[in-house]
Amino acid sequence: MWPWARLLCCLLFVGHVNGGFLQVVSVASLIVKSIWNVWMVTDAVPDYLCKDDRGMKAKLRTISRQLDAAESRLHASEDIILREIYSVPSEIKYEMKLNKLLDTVLQVERVEKIFEDYMEVGLKDHFNSTKVKLENHTIMDFLDTIISHHPGSVRANMDTIHQMIVVDDSRTMFLRSGVFSTLLKYIKEADEHICEAEMSPQQLLYNLFSILQLSQLKAYTMINFSWLLLRLYNKGNFTTEAKMLHDNYLERMSQQANALKESMKRADASFWRCDPRIHEEDKTYTEVTKLLQGFLVNEVDLNKEVTCREDCPFYKYTKQYTCYKDNYCAKQPRCNGNVVDCQFVDSDMWVCQAPSQSSRRYDWIRYENGRTLGSMGSCSRPIAKVDSWWRWLFWHCSFCMCYCDDPNTHQSDRYFNLRAVTSDKANNKVVTGIRFTKVNRIIHLQVQEGELLPLGGINETTIQWKPVEDYNIDDKGVTVGVDYHMLTWEGRAIDLDDIKVPQDCVVTGVKLRRVGGHLNLEVEGAQFNFTTGKLIQSGEKSFWSSNDKTDVSAVNPRTQLKLKKPDIPTRTVGASHIDSKSEQFVEFGPTDLDLDAGQTTIPFLDTQLVAPQPPVPLAGIGIYHKGRDYSGGYIAPKVITYDFSKHIMDHFPEINEAS
């Protein structure tokens, strides 16, 4: 941290500073007041600097630890934001003047490092009579680079940062809009890349604001401390200059806060995850398996009468009743559930069955008319020739391509947890992240939790994933429809929504429920005190929010997201994009017949953790679909970060100069 800022805090007996996530605005207000108080008691400064007081040193150590924690958190944001800015194409960075902004911030950082070194040596020499000595000319020359009006000075850099945030066209011609508005415009245009930023666009703007505030605070502190040192060297009084800078700084911070608030109002607060570079089953995604699987069966086996009087499309919902004369049906696994949505493709075919341990039934099917279902290649098992036949010259016993809905097989993972998952509210913990995970064949929404601190901070040492409830569908007392939902042909939809908790609440829980046969998201929010960071535990201070709209609602019914010829998602070349919107739903179902013989259940579920960095409280959670044409895509969760804009100070508190 900055030794001179710590020293000023120590000298002025500043009270307790919260060790959680401190808004830089609040820290700046504290430092500005501290520095102004120095000027009010400036004649006593040498005595303070020389004083050796154990209590004061203890307070310095305490404050130093607290400020270190705050800066460490800010540096985490800084690393992410700088990486994002550096990833912006050069021509766009030039247009947005981001290079100029970065150079200005880095110049302040470089001077700060030199200032640290010089002040450490200079103060020891001046007040403790050590043998190490800096020449007065060295100090005077360096201080001039800080307080000078010349371009490149710390004072000039401070002006530049302000002008890039709050644009005054009469003076600033190199940028037509402030950096927040310009960056927001770029983020919206590059929406497919923002998922790599580890934070929502709104959070990114807010953290960039904090970094620029910190840089200006460093500049403000160095300028004031330089004047104080010059006064100690009898080079002038500088009280008038300090007063002008003080008033100007407060006015600028108010203008910058307003600029940020306006941009944050227009910024998306959602954070979601891009596709990983490499898809890995049970690491980056998981699947619903064998829900509806392409199944080759003769119509003679699809009715109790063992007849061939109908055609394939007649069998919309039936069962496999027989295996007539141990025909081809005896050479493949039986469908012990429902057989649905049959169709006729061609009479005769060659069938490549999948290996016996595979979750597939077929690798490919080649019809005599030339149509191929699946990707035809070599076959690890003998290829079977399968032909339809005629019965008594009147009835054609056709082989139909149907779908098997068989929940009785242990290879079918089609279960979703319906139990509520909540954070440890008794210990002031809130939800900070979420992901899908599969345990015991049941798909769960798992939450990450962390302790809520004052001013919307999260105690990072408490961050952990809450363990998933470890139960099986056949455990005693576990009931379908109560503890878990089983997907079937009739009930296989999941609703796609963004669910926000009420104002002045943060997310403390999540669950899936059944609404009209659909899986539907509910999110729990709890009220809290922003200043103290404490959840309000008494009374009805937590609320479950949801979207109850269905596809048969009288007004603006929920609509279905149709997938275009969906193939296995991991086969798709190219990144997925969000292609759904709130108040839609998507059905789990088979892949396209031509592309995959309907052997795989899609969409897959993205299991990457969705947790902004640095961690923040959440204002909502969503479920969405991401994909592209000819891909089944992925169902994935998103988070909506808490909106800090309503707490940004429009102006710094008036400083009581008499205090």
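For the structure itself, consult the block above.
Residue positions are given per chain, counting from 1 as you read along its sequence in written order. Totals for whole chains, interfaces and linings use all residues, but because this is a predicted model, local features are given only for residues with pLDDT of at least 70 and pairs of side-chain atoms are given and counted only at 80 or more. As a rule here, side-chain values cover all heavy atoms of the structure and leave hydrogens and water aside.

Here we come to the overall build of the protein. Under the scheme used here, helices are H or I runs from DSSP no shorter than 4 residues and strands are E runs no shorter than 2 residues, and both carry numbers assigned from the N terminus. When helices and strands are counted, the protein shows 12 helices and 31 strands. Out of the 659 residues belonging to the protein, those deemed buried represent 55%. Contacts are residue-level and defined by heavy atoms, with any inter-residue pair within 4.5 Å sufficient. Within the protein, contacts between residues at least 6 apart in sequence are counted, and of these 72% link residues at least 24 apart. The method behind every accessible area is Shrake-Rupley, applied with a 1.4 Å probe, and residues are considered shielded solely by the protein chains displayed. Per element, the accessible surface of the protein, about 29,300 Å² overall, is 49% carbon and sulfur. With a 1.4 Å probe rolled over the protein chains alone, any residue whose accessible area is under 20% of its type maximum counts as buried; one over 50% counts as exposed, and the rest are partly exposed.

Cysteine sulfur atoms are paired as a disulfide whenever they come within 2.5 Å of each other. As enumerated under the stated definition, the model contains 6 disulfides in all. The residue that forms a disulfide with Cys308 is Cys397, at a sulfur-sulfur distance of 1.9 Å. Disulfide Cys308 to Cys397: torsion about the S-S bond roughly 95°, handedness right-handed. With Cys308 in the loop between strand E3 (293-298) and strand E4 (317-318) and Cys397 in strand E11 (residues 395-397), this pair connects stretches of sequence that are 89 residues apart. One disulfide bridge connects Cys335 with Cys404, the sulfur atoms lying 2.1 Å from each other. The disulfide joining Cys335 to Cys404 has a torsion of about 90° about its S-S bond and is therefore right-handed. Note that Cys335 is positioned in the loop between E4 and strand E5 (338-343) and Cys404 in strand E12 (residues 399-405), a separation of 69 residues in sequence. The two residues Cys335 and Cys404 agree in class, both being buried.

It is possible for side chains bearing opposite charge to pair when their charged atoms get close. When a carboxyl oxygen of Asp or Glu is within 4 Å of a side-chain nitrogen of Lys or Arg, the pair counts as a salt bridge. Counted by the stated rule, this structure contains 31 salt bridges. Between Asp387 and Lys385 there is a salt bridge, with its nearest N and O atoms 2.4 Å apart. One salt-bridge network, in which partners are shared between bridges, spans Arg360, Asp363, Asp567, Arg571 and Asp596.

With that settled, the discussion passes to the sheet that holds E3. A strand pair is defined by DSSP finding two or more bridges across the two strands. Judged by pairing direction, the sheet is antiparallel, and its 4 strands sit side by side in the order E3-E12-E5-E4 without closing on themselves. For this open sheet the edge positions go to E3 and E4, each flanked by a neighbour on one side alone.

When we look at a pair of aromatic rings, we describe it by the centre distance and by the angle of the planes. Within 6.5 Å between ring centres, the rings of Phe, Tyr and Trp (the latter by its six-membered ring) count as paired, and their orientation is classed by plane angle as stacked under 30 degrees, edge-to-face over 60, tilted in between. If you walk through the whole model with that rule in mind, you get 18 aromatic pairs. Their ring planes at 15° and their centres at 5.1 Å tell us that Tyr206 and Phe644 sit as a pair that is stacked. Placement of the pair is Tyr206 in helix H10 (residues 201-232) and Phe644 in the segment after strand E31 (634-641), with a sequence separation of 438 residues. Looking at Tyr206, the relative accessible area reads 4%, which means it is buried.

It is worth spelling out the pairing of E12 at this point. Most of E12 sits inside the fold, with 7 of its 7 residues counted as buried. Side chains Phe399, Met401, Tyr403 and Asp405 project from E12 onto one buried face, and the interleaved Cys400, Cys402 and Cys404 project onto a second face that is buried too. Of the pairings in the sheet, the one linking E3 to E12 comprises 6 bridges and is antiparallel in character. The residue of E12 that forms the bridge with Asn298 is Phe399. The pairing of E5 with E12 spans 4 bridges and is classified as antiparallel. Residue pairing in the sheet places Val339 in a bridge with Cys404 of E12.

Turning to the sheet that holds strand E9 (residues 384-387), a few remarks are in order. Across the sheet, 4 strands lie side by side as E8-E7-E6-E9; this open sheet has antiparallel pairing. Across the chains shown, the open sheet's two edge strands, defined by having one partner strand only, are strand E8 (372-374) and E9. Between one strand and the next, the sheet's axes are offset by a mean angle of 20°, whatever the strand orientation. The pairing of strand E7 (residues 362-367) with E8 spans 3 bridges and is classified as antiparallel. Along E8, the bridge assignment pairs Ile365 with Leu373. Axes, fitted as lines to C-alpha atoms, cover a helix only where it is in contact. Angles between the N-to-C directions of the axes lie from 0 to 180 degrees.

On to the environment of Ser200, then. In this fold, Ser200 is placed in the loop between helix H9 (179-189) and H10. Taking the relative accessible area as the measure of exposure, Ser200 reaches 0% and is therefore buried. Separated by 70 residues in the primary sequence, Ser200 and Ser270 place their C-alpha atoms 5.2 Å from one another. A 3.5 Å cut-off defines polar contacts: any pair of N or O atoms within that distance qualifies, except that in protein one atom must be a possible hydrogen donor and the other a possible acceptor, and neighbouring residues in sequence count only when both atoms are side-chain atoms. Of the polar contacts made by the side chain of Ser200, one reaches the side chain of Thr641; its length is 2.8 Å.

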